[in-house]
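As a plain string of letters, each chain reads:
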Amino acid sequence: MRYGFIGVGMMGQEHIRNVQALPGATVVAIADPDATSLGAAQELAGETVSAYLSVAEMLAKESLDAVVISSPNFTHRSVLEPLWQTSLHLLIEKPLCTTVEDCLHVQAAADSHDGIVWVGLEYRYMPPVQRFLQELGVGQAGTHSPEKSSTGRVRMLSIREHRFPFLDKVGHWNRFSANTGGTLVEKCCHFFDLMRVAIPSRPVRVMASGAQDVNHLDERYPEGTPDILDNAFVIVEFENGARASLDLSMFAEGSAFEQELVAVGDLGKVEVKIPGFMELARGRQAELIVGSRSTGWPVTSEQIGAEESVRYLGAHHGASYLEHVDFCSAIRNGTAPLVTATDGLWSVAMGTAAQTSLAEGRAVTLAEIGLS
Ligand SMILES: NC(=O)c1ccc[n+]([C@@H]2O[C@H](COP(=O)([O-])OP(=O)(O)OC[C@H]3O[C@@H](n4cnc5c(N)ncnc54)[C@H](O)[C@@H]3O)[C@@H](O)[C@H]2O)c1
């Protein structure tokens, strides 16, 4: 399988490492308008890989099977335009786009595209998240079997991410909401996606409160001072009556666990705690805790070590590698993508509703921003 890469900054280089580790896959070409990113990626990929400052030139000259798009969020829609004229298989980084309107445009193009269109919502693939979802009775293709779960019907889901601030990016594009979609789109689309995977229902209403209280306030760019939210609480209500919450802090480097997910249903409670890369390097493992409401209220816990099949660990417990395994296998077997443009659209729409809610101080329905 011959891969090309569009946008080879931090995440593009992570994708290159994943594809290098993937059996039967070859890194063939890379494209990025930034000479520094291109040079670093070329060094990583090797001299036999063709490097282009122009995406159009790469597409014209190379024979590829799949393309991985890791350019900044606000470029995804325009970067994709020439790719719709091909039948290449596409893996598009999250968030799908920065606005619901752009996501709807991409979703329509994806629907009539010959190749597979896959969105990089890779947190689904973190091995501790997969164990958590398994306990909730969620199958790999997103099927729900509450009768096989430890929770029964999930009524409450809370997700906490307490982490380090946003890293610097090429041309500091991620310092401004206009480029990212806002923190609750850029970063939290992963968590809104996990809510939809864990709860078999449509999100209907979102309430949020948040601010930029600590990070990046002393930074100055030609465009001005960054406008990045660094903390928020979000509540999402689902059509089936379940509710989910997100607790985000981006000035919480000193956390034993970077993500904590807790689901409570009519039968029990499942919790997973996932260390960030620093704590992981210091030897802390993810923990899964399962509790029941049955006689004696039994609680069990287990540590989740590295997933053996992962050949490149990356920054998220091997999630990107496992995502590539499924993307590649869908291409080989001609099967449907497991993470679709529609998933990308909903995760952006929920983030957009949350951004609107906190800006306007009111509850926002998904229907009013065009999804129902
Ligand atoms: N899945 C994850 O957990 C995860 C983590 C980090 C970033 N991302 C996503 O990956 C994407 C890239 O983020 P990053 O951290 O690598 O940023 P980055 O700034 O490190 O790299 C982006 C690269 O894209 C290039 N670029 C800009 N415009 C382009 C265009 N029109 N065509 C081709 N290349 C272009 C830039 O020159 C730069 O080299 C973003 O969408 C981001 O949200 C996902």
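One numbering rule holds for all chains: residues counted from 1, following each sequence as written. Totals for whole chains, interfaces and linings use all residues, but because this is a predicted model, local features are given only for residues with pLDDT of at least 70 and pairs of side-chain atoms are given and counted only at 80 or more. Side-chain metrics rest on all non-hydrogen atoms present in the structure, leaving aside hydrogens and water.

Chemist: Sorry, what's going on with the overall build of the chain here?
Modeler: Secondary structure elements follow DSSP: runs of H or I no shorter than four residues count as helices, runs of E no shorter than two count as strands, and numbering proceeds from the N terminus. Within the chain one finds twelve helices and 15 strands. When its C-alpha atoms are laid out on the principal axes, the chain stretches across 65 × 45 × 45 Å. Every residue pair with non-hydrogen atoms within 4.5 Å of one another is taken to be in contact. Of the contacts formed within the chain by residues at least 6 apart in sequence, a portion of 67% connects residues at least 24 apart. Carbon and sulfur atoms make up 51% of the accessible area of the chain, which totals about 15600 Å². Taking the 28 positively charged and 45 negatively charged side chains of the chain as two groups, their mean positions are separated by 6 Å. Method for areas: the Shrake-Rupley scheme with a 1.4 Å probe, in which residue coverage is limited to the protein chains shown. Asp and Glu are treated as the negative residues and Lys and Arg as the positive ones, with His and the ends of the chain left uncounted. Think of each charge as sitting on NZ of Lys, CZ of Arg, CG of Asp or CD of Glu.

Chemist: Explain the domain arrangement of the chain to me, please; I cannot follow it from the model alone.
Modeler: How large an interface is tends to be reported as the accessible area lost when its parts come together. An automatic or database domain assignment supplies the residue ranges for each domain. What the domain assignment lists for the chain is domain 1 (2-120) and domain 2 (124-310 + 340-369). The gap between the C-alpha centroids of domain 1 and domain 2 is 26 Å. Between domain 1 and domain 2, the residue contacts involve 21 residues of the former and 22 residues of the latter. Defined here as a combined quantity, buried area equals the accessible surface (1.4 Å probe) lost by two parts on assembly, summed across both. Both sides of the domain 1 and domain 2 interface together cover about 1600 Å² of buried area, and 69% of this is carbon and sulfur.

Chemist: It is not clear to me how the pairing of strand β13 (residues 286-292) should be interpreted in this structure. Could you clarify?
Modeler: Side-chain positions along a regular strand alternate between the two faces of the sheet. Taking burial as the measure, the seven residues of β13 include five buried ones, the bulk of the element. DSSP calls a pair of strands paired once it identifies at least 2 bridges connecting them. Note: β13 against strand β14 (residues 299-304), six bridges, orientation antiparallel. Note on β14: the bridge partner recorded for L288 is E302. Counting the residues in the hairpin turn of β13 and β14 gives six residues, including G296, whose phi is positive at 85°. With a 1.4 Å probe rolled over the protein chains alone, any residue whose accessible area is under 20% of its type maximum counts as buried; one over 50% counts as exposed, and the rest are partly exposed.

Chemist: For this particular structure, what's the right way to read the environment of A281?
Modeler: Residue position: A281 is located in helix α10 (residues 277-281). Separated by 54 residues in the primary sequence, A281 and D227 have C-alpha atoms spaced 32 Å apart.

Chemist: Would you mind going over the packing of aromatic side chains with me for this structure?
Modeler: Each aromatic ring pair is specified by the distance between its two centres and by the angle formed by the two planes. Any Phe, Tyr or Trp ring, taking Trp's six-membered ring, that has another such ring centre within 6.5 Å forms a pair; planes under 30 degrees apart are called stacked, those over 60 apart edge-to-face, and the others tilted. Taken as a whole and judged by the stated rule, the model has five aromatic pairs. Plain terms: the ring middles of Y3 and F5 are 6.4 Å apart, the flat faces sit at 25° to each other, and that makes the pair stacked. Here Y3 falls in the buried class, since its relative accessible area comes to 0%. Residues W118 and F327 carry aromatic rings whose centres are separated by 5.9 Å and whose planes lie at 75° to one another, so their mutual orientation is edge-to-face. Of the two residues, W118 is situated in strand β6 (residues 117-120) and F327 in helix α11 (residues 319-333); the sequence distance between them amounts to 209 residues. With respect to burial, W118 and F327 carry one shared label: buried. The residue whose ring lies beneath R163 is F164, and the NZ or CZ to ring-centre distance is 4.2 Å. The rule for a charge over a ring is simple: NZ of Lys or CZ of Arg within 6 Å of the ring centre, and within 35 degrees of the ring normal. Its guanidinium or amino end placed over the ring of F257, R284 lies 5.3 Å from that ring's centre, counting from NZ or CZ.

Chemist: Honestly, the site of the ligand in this entry has me stumped. Any pointers?
Modeler: A molecule or strand has a residue near it when one of that residue's heavy atoms lies within 4 Å. Neighbouring the ligand are 28 residues; M11, D32, S37, N73 and K169 lie closest to it. One of the side-chain nitrogen or oxygen atoms of S37 is found 2.6 Å away from an oxygen atom of the ligand. In protein, a polar contact requires one atom able to donate a hydrogen and another able to accept it; more generally it is a pair of N or O atoms within 3.5 Å, and residues adjacent in sequence count only if both atoms are side-chain atoms. At a separation of 3.2 Å, an oxygen atom of the ligand approaches a polar side-chain atom of H76. In the complex, 89% of the free accessible area of the ligand, which totals 850 Å², lies under the protein chains. Where the shell around the ligand is concerned, the elements lending two or more residues are α1 (10-21) and α4 (76-80). Of the residues in the shell around the ligand, the class split is ten nonpolar, eleven polar and seven charged. We call Asp, Glu, Lys and Arg charged. Ala, Val, Leu, Ile, Met, Phe, Trp, Tyr, Cys and Pro are nonpolar, and the rest, Gly among them, are polar.

Chemist: Would you take a moment to explain α11 for this structure?
Modeler: An α-helical turn contains 3.6 residues, so any two residues separated by three or four positions project in the same direction. What a helix should span is 1.5 Å times the count of its residues minus one. Helix length check: α11, at 15 residues, gives a terminal C-alpha distance of 21 Å against a target of 21 Å (1.5 Å per residue), a fit within 8%. The buried count for α11 comes to eleven of 15 residues, which makes it a mostly enclosed element. Considered for burial, the residues of α11 that qualify are A319, S320, Y321, L322, E323, H324, D326, F327, C328, A330 and I331. On its buried side, α11 packs onto β1 (2-6), α1, β4 (66-69), β5 (89-93), β6 and α6 (127-135). Once α11 finishes, G334 follows within two positions and takes phi at roughly 65°, a positive value.

Chemist: Any chance you could explain the sheet that holds strand β3 (residues 50-52) here in plain terms?
Modeler: Two modes of strand pairing occur in sheets, parallel and antiparallel, and in both the strands are linked by backbone hydrogen bonds. Spatially, β3-β2-β1-β4-β5-β6 is the arrangement adopted by the six strands of the open sheet, whose pairing is parallel. If you trace the sheet from one side to the other, it starts and ends with β3 and β6, each paired once. Taken pair by pair, the neighbouring strands of this sheet meet at an average axis angle of 20°, ignoring direction. Direction of pairing for strand β2 (residues 26-31) relative to β3: parallel, over a ladder of three bridges. From the neighbouring strand, I30 faces β3, where its bridge partner is A51. Every axis in this analysis is a line fitted to C-alpha atoms, fitted for helices over the stretch in contact. Angles between the N-to-C directions lie between 0 and 180 degrees.

Chemist: Help me out: how do you make sense of the environment of L157 in this one?
Modeler: Locating L157 in the fold gives a position in strand β7 (residues 154-162). By relative accessible area, L157 is classed as buried at 3%. Apart from residues lying up to four places away in sequence, L157 is in contact with F132, M195, A198, I199, R243, A244, S245, V262 and A263.

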